[in-house]
2 protein chains.
Amino acid sequence: MAKGLTKRSEDYSQWYNELVKKADLAEHSAVRGCMVIKPYGFSIWEKMQAALDKMFKDTGHSNAYFPLFVPKSLFEAEEKNAEGFAKECAVVTHYRLKNDPDNKGKLMVDPEAKLEEELVVRPTSEAVIWSTYKNWIQSYRDLPLLINQWANVVRWEMRTRLFLRTAEFLWQEGHTAHATKGEAIAETRQMLEVYADFAEKFMAMPVIKGVKSESERFAGALDTYCIEGLMQDGKALQAGTSHFLGQNFAKAFDVKFAGKDGKEDYVWGTSWGVSTRLIGALIMAHSDDEGLVLPPKLAPIQVVIVPIFKGEEQLNEISTVALNLKEQLQKLDISVKFDNRDTSSPGWKFAEYELKGIPVRIAIGPRDLENGTVEIARRDTKEKQVMAIDSAVDHIQKLMTDIQENIYNKAFGFRKDNTTEVDSYDDFKKVLDTKAGFVMAHWDGTAETEDKIKEETKATIRCIPLDFKEEEGKCIYSGKPSKGRVVFARAY
Amino acid sequence: MAKGLTKRSEDYSQWYNELVKKADLAEHSAVRGCMVIKPYGFSIWEKMQAALDKMFKDTGHSNAYFPLFVPKSLFEAEEKNAEGFAKECAVVTHYRLKNDPDNKGKLMVDPEAKLEEELVVRPTSEAVIWSTYKNWIQSYRDLPLLINQWANVVRWEMRTRLFLRTAEFLWQEGHTAHATKGEAIAETRQMLEVYADFAEKFMAMPVIKGVKSESERFAGALDTYCIEGLMQDGKALQAGTSHFLGQNFAKAFDVKFAGKDGKEDYVWGTSWGVSTRLIGALIMAHSDDEGLVLPPKLAPIQVVIVPIFKGEEQLNEISTVALNLKEQLQKLDISVKFDNRDTSSPGWKFAEYELKGIPVRIAIGPRDLENGTVEIARRDTKEKQVMAIDSAVDHIQKLMTDIQENIYNKAFGFRKDNTTEVDSYDDFKKVLDTKAGFVMAHWDGTAETEDKIKEETKATIRCIPLDFKEEEGKCIYSGKPSKGRVVFARAY
């Protein structure tokens, strides 16, 4: 372990923090609570964005851009939403600095440039967007309105963790408007499916799809759907949410439309988002004690070629073979890096690319040249294989699929092994403390019981799963009747 | 003119404002000075982003993301930069709202949540980025550092105009660090070339490349290079800038590196940016009294097919032909919209797509079906042509190039006709008031003269052109000797 990463079994949390930094993904900035996303971390985000953006467009959505600032009067229009976010809002109160007369070379806020109305830095954009939709929607012909925005948002946080919880983060937020309740619910669920597909097919992370309990709902929504992933330490991570807003925002911002019959009604809304938090999920779902493990579909570099050489002549010979291989792979849309630097050793490079989670490593040395072979190592299983160079391209193309599937299957197996049905509160607590993971248990449906369980065990209801099975049972806490099991877990 | 656009000759400024709104590009928001970029406008920005991002990556740059907020102490570290932006900074002073006890349902800034140090919403990111680079750069091996960021920035503006001048805007900002002065200057000029290429090859807008005079320089730079375009009203528009920062930011943030010889030195820096302002430039450079004229390379939809039909049966027959054509064009990477709506007339659609600047319109009616023809209209020249459908695909592919070139050539011709050499201050003023455009005149090189001319005529030195020709002359204002002509204009 050249890179000296703490082992997951020793301290999972420290392993995560170290990995994020050592793999050059992100770091804390000089600005309290805000992160710098470094080029390698950002390139993973770019891959995520590209895949998601295509999925949004394929389902009929367009991108747009709305202001960063929300005037306080708009912000407070939808009361529940305002209440939910008020405590974590960065607020702009002034629009100018001036020279500080008492401190040469220093600046101070100019008291004469106080805003008449304070501006909230958006923690989410429902308010500013619905105040705009009011002017965009008059008739059923203007509906549905299917818009997405890629943006930064700010939610003031005292305790932050890179990617998982930061004051500023990057995300996308979809905001749609519909003529009927049914359409809005269908949209909410469609976007949940898009998120689940993305998580499973691109991130190789199995997720449970479900609905939040009332107390875990988005502030201002009638229903919050979510996808929940399981991290290797047995904690759950909410990876995306899709909200059915009912007519709440339409009423708060007076957004009405005339139907085909000429009757006016309030518009039905949805909103849905995923954020740079997904990078945290990706790391924690798959990576190991040697570093990142990236699914090929999101790996910025899918294949790295490391030459093993002494002297320039050998490097030149290997380069010819390597560049030819690189070209063939690129024709198949496989991204390849040929690391021909002579400033670091092959061993150092091996550790480095292991740390960075490059799915496939090819090593080519002088003996390979003689034998017409290459050594191919896969990051996920750490298997190495020497094979004829003529077979390498086909093999690697197949590996792209195999590795993607294997990572998914491994995570799926882990989740299966760490999903436990319990029927008593004692067992519930025992499982949480010894094994963690998802705990499937009966719940009486009340917020009171949910709160008590949370207070006593730190476990929350992650969701009522969409594949909820009706089953008579008794609430593990209150003993009252329950119609089926919900998903509990401790969570990020 | 179904859309009732003011003519450019009547009121250019109003024409612009109307066009931006009627073509669904952008609108003012409820937030003072901030705009909403509507889906159609944003899709132009997406095309620009894609092209620029590729150019940045092809020249070795990576994307990253740095915080929105700049603590005041960092912001003021580079004094000139701070001074330059202090008067237009949005400042976050509090991090929480609370219920207003005097106004039920209203919120107020929580005085107990006052930040110890105020946060400036980035007007540009040199400060926050160079404070980060300090930790990233130790040795010459860490250089060059070539990073770009796509982000929103805020510069408080009292008088705003959609795309051209708004409090918040979207942009990219490149920030690079180098071991030598020569490398940094080469980078600055390379990025200027990238911008000029983009303007000319994608936006079809000819630009003058040059260097700013000292008073027009970016605050904190040693040199500011720029590209200047000419709008149809004869005003100039600065479309992109690339700054050679010298060691200013390195010194302000103590960013040093150890050279190969072990000696420590400050790092050399550059920064460069273009913004959503380019959309304003694109509109004003090419569009006409019927609406937008978009160069094919940046048109979100390149071809629209409008069926001319009565009844469903005719529509079905036309659709078969249209969809076949669409498929063939899409195979050539030409984006096509088939507008088969029966809720608006062909005439309405023609006006709509003219307004939106779709480069090529295809109309197919019942007679075309009989004759095996289509009508092809190009937006730039408004020429229409009926041709055999078998030739349409080839013809349209060629049109993509022809239209792109024609738009460029037209703008180039306009600029040529509106670039005037003058040798006296009277002529200078006369040209500005009657013809406008770029005025090439001798200048004595002093800020004093520059200021006077600006004060008296509102014309500024746009740049000292890179293709500056040495030529003995006398300053039009002071009569003092001058070594060549610089570019004056009134500008956006």
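Values in this document were obtained by computation on a predicted structure and should not be read as measured data.

**Q** Help me understand the overall build of chain A in this model?
**A** Counting its regular elements, chain A contains 14 helices and 27 strands. In summary, chain A has a C-alpha radius of gyration of 26 Å against a globular reference of 23 Å for 492 residues, a match within 12%. With the C-alpha coordinates aligned to their principal axes, the bounding extent of chain A is approximately 80 × 70 × 55 Å. Per-residue burial for chain A yields a buried fraction of 48% across its 492 residues. Contacts in chain A between residues at least 24 apart in sequence constitute 67% of all its contacts with a sequence separation of at least 6.

**Q** Please explain the relation of the copies chain B and chain A as it appears in this structure.
**A** What relates the pair of chain copies is a rotation about an axis plus a shift along that axis. Rotating chain B by 180° and translating it 0.0 Å along the rotation axis places it on chain A, where the RMSD comes to 0.0 Å. The superposition of one copy onto the other is thereby described by a two-fold rotation axis. Relative to the rotation axis, the closest C-alpha in chain B is found at Val92(B), a distance of 2.1 Å. An overlap of 100% is found between the interface residues of chain B and their copies at the interface of chain A, pointing to a shared contact surface.

**Q** Explain the nonpolar core here, please?
**A** The nonpolar side chains of a soluble globular protein tend to be buried with one another. Counting 316 residues, the largest nonpolar core has Met203(A), Val439(A) and Met203(B) as the members making the most contacts within it. With sequence-adjacent residues up to four places away left out, Val439(A) is seen in contact with Thr420(A), Val422(A), Phe428(A), Val431(A), Leu432(A), Ala459(A), Phe488(A) and Ala489(A).

**Q** Whenever I open this one, helix H13 (residues 425-434) of chain B confuses me. Can you help?
**A** Note on helix geometry: an α-helix contains 3.6 residues per turn, so any two residues three or four positions apart are oriented the same way. Residues and elements named next belong to chain B. For H13, the set of buried residues is Phe428, Val431 and Leu432. Across the axial projection of H13, the buried residues extend over an arc of 100°, all falling on one side. Opposite the packed face of H13, turned more than 90 degrees from it, sit the exposed residues Asp426, Asp433 and Thr434. Turning to H13, the residues buried within the fold contact strand E22 (419-421), strand E23 (438-442) and helix H14 (447-457). The positive-phi residue at the C-terminal boundary of H13 is Ala436, with phi of around 60°.

**Q** Sorry, what's going on with helix H2 (residues 39-58) of chain B here?
**A** Residues and elements named next belong to chain B. An ideal rise of 1.5 Å per residue puts 28 Å on 20 residues; H2 measures up with 28 Å between its terminal C-alpha atoms. Turning to H2, its buried residues number three or more, namely Gly41, Phe42, Ile44, Trp45, Met48, Leu52 and Phe56. Buried residues in H2, looked at end-on, bunch into an arc of 145°, giving them a common side. Away from its buried face, by an angle of more than 90 degrees, H2 presents the exposed residues Ala50, Lys54 and Asp58. Positioned one or two residues after H2, Gly60 has a phi angle of 90°, which is positive.

**Q** Honestly, the pairing of strand E8 (residues 114-121) of chain A in this entry has me stumped. Any pointers?
**A** One face of the sheet, then the other: side chains in a regular strand alternate in exactly this way. All names here are of chain A. Where strand E4 (residues 69-71) and E8 come together, three bridges link them in antiparallel fashion. When the sheet's bridge partners are listed, Phe69 is paired in E8 with Val121. When strand E5 (residues 91-94) meets E8, the two strands line up antiparallel, connected through three bridges. Its bridge partner being in E8, His94 is matched across the sheet by Lys114.

**Q** Please clarify how the interface of chain B and chain A should be interpreted in this entry.
**A** Buried accessible area, meaning the area lost when the parts come together, often serves as the stated size of an interface. Tallying the contact residues gives 53 residues for chain B and 53 residues for chain A. Its residues assigned to classes, the side of chain B that touches chain A shows 32 nonpolar, 10 polar and 11 charged. Looking at chain direction, E5(A) and strand E5 (residues 91-94) of chain B are connected through three bridges and run antiparallel. When the bridges of E5(B) are listed, Val92(A) appears paired with Val92(B).

**Q** What is the right way to look at the confidence of the model for chain A in this model?
**A** The predicted coordinates of low-pLDDT regions are not to be read in fine detail. Across chain A, the average pLDDT comes to 97, with 99% of residues at 70 or higher. Overall fold confidence (pTM) sits at 0.97, and the ipTM for the predicted complex is 0.97.

**Q** Sorry, what's going on with the sheet that holds strand E16 (residues 268-275) of chain A here?
**A** Pairing between the strands of a sheet is mediated by backbone hydrogen bonds and can be parallel or antiparallel. Residues and elements named next belong to chain A. Spatial strand order, E3-E9-E10-E16-E13-E12-E11-E24-E27-E23-E22: 11 strands in an open sheet with mixed pairing. The outermost strands of the open sheet, each flanked by one partner alone, are strand E3 (62-63) and strand E22 (419-421). Alignment of strand E12 (residues 223-230) against strand E13 (residues 236-246), held across eight bridges, turns out to be antiparallel. Following the sheet pairing, Tyr225 is matched in E13 by Ser242. Helix-sheet contacts for helix H2 (residues 39-58) involve strand E9 (145-154), strand E10 (168-178) and E16, and the interaxial angle to E10 is about 0°.

**Q** Whenever I open this one, the environment of Asp426(B) confuses me. Can you help?
**A** Inspection of the secondary structure puts Asp426(B) in helix H13. Placed 51 residues apart in sequence, Asp426(B) and Tyr477(B) show a C-alpha to C-alpha distance of 9.4 Å.

**Q** Hey, could you run me through the sheet that holds strand E20 (residues 373-378) of chain A in this one?
**A** All names here are of chain A. With respect to topology, five strands assemble into an open sheet ordered E18-E17-E19-E20-E21, the strand pairing being mixed. Both outer strands of the open sheet, strand E18 (336-338) and strand E21 (384-388), are each paired with one neighbouring strand and no more. For this sheet, the mean inter-axis angle between neighbouring strands, taken without regard to orientation, is 25°. Sheet strands in contact with helix H9 (residues 311-331) are strand E17 (303-307), E18 and strand E19 (360-364), and its direction is about 170° off that of E17. Contacts between helix H12 (residues 389-417) and the sheet are confined to E17, E19, E20 and E21, with E20 contributing the most and set at about 10° to the helix.

**Q** Would you mind showing me how to read the pairing of strand E27 (residues 485-489) of chain A here?
**A** Residues and elements named next belong to chain A. Here E27 lies mainly inside the structure; five of its five residues are buried. The alternating pattern of E27 places Arg485, Val487 and Ala489 and Val486 and Phe488 on opposite faces, both of which are buried. Here four bridges tie strand E23 (residues 438-442) to E27, and the two strands are oriented antiparallel to one another. Counted as the bridge partner of Ala441 is Val486 from E27. Summarising the sheet, strand E24 (residues 460-465) and E27 pair through three bridges and their orientation is antiparallel. Note on E27: the bridge partner recorded for Ile461 is Phe488.

**Q** What's the story with the packing of H2(A) against helix H6 (residues 181-202) of chain A in this structure? I'm lost.
**A** Between two packed helices, what matters for the description is the angle formed by their axes and the separation of those axes. All names here are of chain A. With their axes 11 Å apart at the nearest point, H2 and H6 run at an angle of 145° to one another. When the axes of H2 and H6 are compared, the crossing they make is right-handed. Residues Ala51, Leu52 and Met55 of H2 pack against Val194, Phe198 and Phe202 of H6. Tallied by class, the residues present in the contact of H2 with H6 amount to six nonpolar, no polar and no charged.

**Q** Explanation requested: unusual backbone geometry in the structure shown.
**A** All names here are of chain A. With omega at -5°, the peptide bond leading from Leu143 into Pro144 counts as cis. Checked against the element boundaries, Pro144 lands in the loop between helix H5 (126-136) and E9. Residues other than glycine seldom take positive phi values, yet Asp24 does so here, at roughly 60°. Along the chain, the position of Asp24 falls in the loop between helix H1 (12-22) and strand E1 (26-28). Positioned with a positive phi, Lys382 is a non-glycine residue whose angle comes to about 65°.

**Q** What exactly am I supposed to notice about the environment of Trp45(B) here?
**A** All names here are of chain B. Turning to its location among the elements, Trp45 is positioned in helix H2. Look at Trp45 and you get buried, because 23 C-beta atoms sit within 10 Å. Counting along the chain gives 161 residues from Trp45 to Pro206, while the straight-line C-alpha distance between them is 19 Å. Those residues in contact with Trp45, other than ones at most four positions away along the chain, are Ile37, Leu170, Thr276 and Ile279.

**Q** I would appreciate a short explanation of the environment of Gln397(B) in the present structure.
**A** All names here are of chain B. Relative to the elements of secondary structure, Gln397 occurs in helix H12 (residues 389-417). The partly exposed category is assigned to Gln397, around which 15 C-beta atoms lie within 10 Å. For the pair Gln397 and Leu332, spaced 65 residues apart in the sequence, the C-alpha separation amounts to 7.8 Å. With residues up to four places along the chain from it excluded, the contact list for Gln397 reads Leu332 and Ile334.

Definitions and limits used
Throughout, residues of each chain are indexed from 1 in the direction in which the sequence is written. Each chain is given a letter, starting from A, and each ligand a number, starting from 1, according to the order in which they appear as written. Only residues with pLDDT of 70 or above have their local features reported here, since the model is predicted, and side-chain atom pairs are shown and tallied only from 80 upward, although totals for entire chains, interfaces and linings are computed over all residues. Helix and strand definitions here come from DSSP, where helices need a minimum of 4 consecutive H or I residues and strands a minimum of 2 consecutive E residues; each element is numbered from the N-terminal end. When we talk radius of gyration, it's over C-alpha atoms, and the globule rule is simply 2.2 Å times the number of residues to the 0.38. Whether a residue is buried, exposed or partly exposed follows from its count of other C-beta atoms within 10 Å of its own C-beta, namely 20 or more, 12 or fewer, or something in between, respectively; the C-beta atoms are built from the backbone. Residue pairs qualify as contacts under a 7 Å threshold applied to their C-beta atoms, which are placed from the backbone. Residues below a pLDDT of 70 in either copy are left out; the C-alpha atoms of the rest, at least 70 in both, set the least-squares superposition of the copies. One nonpolar core equals one set of buried Ala, Val, Leu, Ile, Met, Phe, Trp, Tyr and Cys residues connected by C-beta atoms within 7 Å. The reported arc concerns the directions from the helix axis to the C-beta atoms and nothing else. Under the convention used throughout, the expected extent of a helix is 1.5 Å for every residue step, that is, one less than its residue count. Paired strands, in this sense, are two strands between which DSSP finds at least two bridges. Three residue categories are used. Nonpolar comprises Ala, Val, Leu, Ile, Met, Phe, Trp, Tyr, Cys and Pro, charged comprises Asp, Glu, Lys and Arg, and polar comprises the others, including Gly. pLDDT is defined as a per-residue confidence score from the predictor, taking values between 0 and 100. The convention used is that axes are lines fitted to C-alpha atoms, helices contributing only their stretch in contact, and that angles between N-to-C directions extend from 0 to 180 degrees. Two helices crossing with the near one rotated counterclockwise from the far one by less than a right angle form a left-handed crossing, whereas a clockwise rotation gives a right-handed crossing.

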